[in-house]
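Notes for the structure review
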Protein chains: 2
Amino acid sequence: MLNGQFPPFRSVQSMLAIPQPDGARTLVSRISGAIKDQIAEGVYPPGARLPSSRALAADLGVSRTTVTAAYEQLAAEGYLEARQGARPQVPKGLKVEPPVTRRDVEAIPARLSAFGRRLADLPRQHRPAADAPVADFRYGDLAASDFPMLMWKRAVDAAILRRPSRLQYGDPSGSPELRSALQGYLWRARGLRCDPDQIVVVNGSQQGLDLCVRLLLDPGEPAVIEDPCYAAARDVLLAAGARLVPRAVDREGMLTERLPPARLAYVTPSHQFPLGSVMSASRRQDLLAWARTCGAYVIEDDYDGEYRYDVAPIPTLQTLDGARNVIYLGTVSKTLSPALRLGYLVVPPALAPAFRAAKRLADRHTPGLEQEALADLIAGGAYERHVRRVRRRNGERRAALLTALRARFRDGVRVVGAEAGLHVVAWFTRFPMDREAMLVAAARAAGVGVYPVTPLYDPASASGRPDHPGLVLGYASLDGRDIARGVERLAAAIEGVAAGRPPRTG
Amino acid sequence: MLNGQFPPFRSVQSMLAIPQPDGARTLVSRISGAIKDQIAEGVYPPGARLPSSRALAADLGVSRTTVTAAYEQLAAEGYLEARQGARPQVPKGLKVEPPVTRRDVEAIPARLSAFGRRLADLPRQHRPAADAPVADFRYGDLAASDFPMLMWKRAVDAAILRRPSRLQYGDPSGSPELRSALQGYLWRARGLRCDPDQIVVVNGSQQGLDLCVRLLLDPGEPAVIEDPCYAAARDVLLAAGARLVPRAVDREGMLTERLPPARLAYVTPSHQFPLGSVMSASRRQDLLAWARTCGAYVIEDDYDGEYRYDVAPIPTLQTLDGARNVIYLGTVSKTLSPALRLGYLVVPPALAPAFRAAKRLADRHTPGLEQEALADLIAGGAYERHVRRVRRRNGERRAALLTALRARFRDGVRVVGAEAGLHVVAWFTRFPMDREAMLVAAARAAGVGVYPVTPLYDPASASGRPDHPGLVLGYASLDGRDIARGVERLAAAIEGVAAGRPPRTG
């Protein structure tokens, strides 16, 4: 029975009645929470007195100890003043805030820095995964069956069980074991020589890029990018406030003639993303000479350097430059898994302290477990054996894709960039540019996920735009049969567009 | 025998003679590399012709195919022009760069952004690990024996074996499973209610802080910090160009009277770092009212909120504020391991899209394996059981430390901040401030790693500086015996300083 002197404890009783997740909150905190709500709602205004603990315990059917504990909690938080023998009182000076609803909170606008505002203004060109039951040619995904699950599990287990004497933060530049293993790997696999102290282990090449841009470019400064360009790199530069200098790409990679002075250039010389050309030796020399002349840094993103099919390797820019102005960016996102978040930078010696400090500030260091596992696998040779295995598999996928495209489209499609990497660009030479969205939609309606090349071009530069629709076709996540079926469906869908038929669904 | 017409292939032969790591580089690339060096050194100037492949093969004792392959490689890289029937020629227009030495490269100064320069100018107050054979009271380290090795291994193994259909980038905000598990955990453990879409999983609280400051503060804008303050937070703010507004700390936490308007405040209300006070309810209300008035965000770093000993929990600022202006920062660095790099933010709903975009830009997402493992452990209850276990162990360590300090120093030491967390501050009230460095040196000489409190104070603000030397004593990595021995040695070392004896070594 409720005690007539006091406002009714509706909310306490209703809260007690609501089923709570097991062990979610104790009775004490549910009671103190309900009283707090009532104080906030003005049921007990400042200066009002609450029931005695005995009376409230009787009303609620709980022990007096429970109520006393709730009152003590409220007193500790400043909601009540308790005096020996007197009923507890809401302090006269208590500033009572009306309860805040989720709607109130959502109406409060975000107050962002210039960086935050630039980030919010980025064009939304992130490719959502398509609903593609037949085949999804999304670039960047890998087949789960290629992941060396047992090998990785063994290496991770060994790392967990290799217990150190105490747990502490690791080296911001990365574990010495991994950096030493990477030094050897880069020399063997890419002919790149460096000291371990030039290596900074990062959470994938995305973090490597972000650290480069934070450390090397101020808002308003110019940065050279390829056009078309890897979207996430452009996003990093735009969010940093860079003034973009996009340069067209041809069969020899990015055009390097008459480059204006800039703070940095972001390039993918081993396999241009997305067009797939390999930067020629003379363009490489030009780019490095430009960097030396204007004091720019060149970020060399070797995102898929492990995958070459019919071509001889060309030395990295980092090697040609002798580590003066080139920052080399490598990753295991294309050889192990993008979800591992492991990559590495090779920086000029003079920059190593700055990158180390920036990595420490950004997140102290890359997680220890993944670093230890990768170091073991590289040092024992298992990583390179794995890379050879997935390179062979991806070579087979590539052959299946090229065969299927030739069989289904004949000369209706021009394929570029197939010499290396895990994707090609297919140009649909029988269609004008303005049909690109229609082709993509028709393919998706037929259950095939395809991704247009247009969003990767700089929206501001009119020259060098393609004449025909192009699709970036990533094949690393598909098996040969899916590739064949996907291309077959794609061909049917595109034939439908040519014939003016409405897209069929799935 | 060397062919007289050509400069001698010294470096080729010496390279061939140098033992190479197994499979390090093929013979072809060693030969082409050596020729490239000779071109760079001017042995073959632009326009010069190289030996025929037959002649060079004979000289080197290798097959002609090998030399032909090396020549083709050099031609592909632009170092040679090959014409049918003629000896290969160094292109007349080749720009020859003298080889770059490591010393040349190191002499090139770093060209940094304003952020990079501020980072380089940060005061070096990072505490190097002491050589402390008796006991290292370094704050932040945990005992390896507290790490739930088998539990973590099982969870990680399950995550590795739970193979998805394809490998792709994860959700930038964190896996839905982990965010949902954290929502329940935060409610149960901290009384904090939020939607999973307010949670952003980050690589430890360091990255959380860095993202906050990047998104919310522009260079030159004011930021309120506690004085003394967690050094890494101050570093993030200084590197971002913040104008610091340090506020003294007393027994009720940071002083909140007459706070000037600012963009944000960074506080540790549950257990002030380093002094250990718990922010009172009225100060909490004042701080939140200030934030609402001036439109500031409050970053609530709950770095050790799991560890409370004799005190009732006080609701988080986030709860009191109703998620309007508070960003809550949590971590598993104090419950599992600092090397895991796992933390989480709870942000106001209006900020969630900005944090998601910033995390995506910074490193796409936190590694998948750790996220899955932690989600499983929280959802199954194992994480909370583990937290209770380590809380009990740390309670025992704390008791051992307080007992030892009381026994050895009696009223020569005043201990603060012992109600919560994993460290205390011990003030040596018999010494003047200027003896701090001497106490630290004497302790280290006696094999005890101790860390002074002074570097955590704002160097610019003269008021509120301590009168006596203080040491931050972290105890989470030590067992009871080490703690007792460490305090005993510390007492002997400090007695030596008082008596004017030179420090004894180890």
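Here, the structure is the one placed above.
1. Regarding the sheet that holds strand β13 (residues 423-428) of chain A
All names here are of chain A.
- The 4 strands lie next to each other as β12-β13-β16-β15, forming an open sheet whose pairing is antiparallel. Taken across any chain shown, the strands that pair with only one partner, and hence form the sheet edges, are β12 (413-416) and β15 (451-452).
- With 5 bridges connecting them, β13 and strand β16 (residues 470-474) associate as antiparallel partners. For V425, the partnering residue across the bridge sits in β16 and is V472.

2. A few points about the side chain of R166(A)
- Positionally, R166(A) belongs in strand β3 (residues 166-167).
- R166(A) gets classed as buried once you look at its relative accessible area, which sits at 15%.
- At 3.1 Å, the side chain of R166(A) forms a polar contact with the backbone oxygen of D136(B).
- Side chain to side chain, R166(A) and S477(B) meet in a polar contact 2.8 Å long.

3. Digging into the packing of helix α9 (residues 204-216) of chain A against helix α13 (residues 352-363) of chain B
- In the contact formed by α9(A) and α13(B), the axes pass within 5 Å of each other and the chain directions differ by 95°. Between α9(A) and α13(B), the interaxial angle falls into the category roughly perpendicular. Between α9(A) and α13(B), the residues in contact are Q206(A), Q207(A) and D210(A) and R360(B), L361(B), A362(B) and D363(B), respectively.
- Of the residues belonging to the contact of α9(A) with α13(B), the class tally is 2 nonpolar, 2 polar and 3 charged.

4. Section: the interface of chain B and chain A
- Taken together, the 119 residues of chain B in the interface contact 119 residues of chain A.
- Across the interface of chain B and chain A, roughly 9,800 Å² is buried in total on both sides, 56% from carbon and sulfur atoms.
- Linking chain B to chain A there are 10 salt bridges.
- Between D157(B) and K153(A) there is a salt bridge, and its shortest N-O distance comes to 3.9 Å.
- Where chain B touches chain A, the interface holds 38 residue pairs in polar contact (both at pLDDT 80 or more).
- Considering only residue class, the side of chain B that touches chain A consists of 58 nonpolar, 25 polar and 36 charged.

5. A word on the relation of the copies chain B and chain A
- Rotating chain B by 180° and moving it 0.0 Å along the rotation axis overlays it on chain A with an RMSD of 0.1 Å. In the structure described here, the two chain copies are related by an operation that fits a two-fold rotation axis.
- Of all interface residues in chain B, 99% are interface residues in chain A too; the two copies therefore contact each other through one and the same surface.

6. A closer look at the nonpolar core
- Core analysis: the biggest nonpolar cluster contains 252 residues, and W152(A), F355(A), F428(A), W152(B), F355(B) and F428(B) have the highest contact counts within it.
- For W152(B), the residues in contact, after removing those within four places along its chain, are I160(A), L369(A), F147(B), L336(B), L340(B), L342(B), E370(B), A373(B), L374(B) and L377(B).

7. A short note on the state of the cysteines
Residue and element names in this part refer to chain A.
- For the structure on display, the rule yields 0 disulfides over all chains.
- Cysteine C229 remains unbridged, with the sulfur of C212 as its closest cysteine sulfur at 14 Å.
- Overall, C229 belongs to the buried group, its relative accessible area being 0%.

8. Considerations on the sheet that holds strand β12 (residues 413-416) of chain B
- Pairing within the open sheet is antiparallel, and its 4 strands lie in the order β12-β13-β16-β15 (chain B). Each of the sheet's edge strands pairs with one partner strand only, and the pair in question is β12 and β15 (451-452) of chain B.

9. Here's the deal with the pairing of strand β10 (residues 326-331) of chain B
Residues and elements named next belong to chain B.
- Most of β10 sits inside the fold, with 6 of its 6 residues counted as buried.
- By the alternation rule, side chains of β10 split into V326, Y328 and G330 and I327, L329 and T331, which are all buried.
- With 4 bridges joining them, strand β9 (residues 297-301) and β10 adopt parallel strand pairing. Across the sheet, the residue bridging to D301 is L329, located in β10.

10. Here we look at a positive patch on the surface
Residue and element names in this part refer to chain A.
- A cluster of basic residues, R385, R388, R389 and R392, forms a positive patch on the protein surface.
- Checked against the element boundaries, R392 lands in helix α15 (residues 382-409).
- Looking at R392, the relative accessible area reads 52%, which means it is exposed.

How each quantity is defined
Residues numbered from 1 in each chain as written. Chains lettered and ligands numbered in written order. Predicted model: local features only at pLDDT ≥ 70, side-chain atom pairs only at ≥ 80, totals over all residues. Heavy atoms only, no water. Pairing = 2+ DSSP bridges. Helix = DSSP H or I, 4+ residues; strand = E, 2+ residues; numbered from the N terminus. Buried < 20%, exposed > 50% of the residue type's maximum accessible area, 1.4 Å probe, protein only. Polar contact = N/O pair within 3.5 Å; in protein donor to acceptor, adjacent residues only side chain to side chain. Axes fitted to C-alpha atoms, helices over the stretch in contact; angles between N-to-C directions. Parallel < 35°, antiparallel > 145°, perpendicular 65-115°, else oblique. Contact = heavy atoms within 4.5 Å. Nonpolar A, V, L, I, M, F, W, Y, C, P; charged D, E, K, R; others polar. Buried area = accessible area lost by both parts, 1.4 Å probe. Salt bridge = Lys/Arg side-chain N within 4 Å of Asp/Glu carboxyl O. Least-squares fit on C-alpha atoms with pLDDT ≥ 70 in both. Core = buried A, V, L, I, M, F, W, Y, C linked by side-chain atoms within 4.5 Å. Disulfide = S-S within 2.5 Å. Patch = residues over 30% accessible without salt bridge, like charges linked within 9 Å, V, L, I, M, F, W, Y side chains within 5 Å. Areas by Shrake-Rupley, 256 points an atom, 1.4 Å probe, with all protein chains shown as cover. Lys, Arg positive; Asp, Glu negative; His and termini not counted. Charge placed at Lys NZ, Arg CZ, Asp CG, Glu CD.

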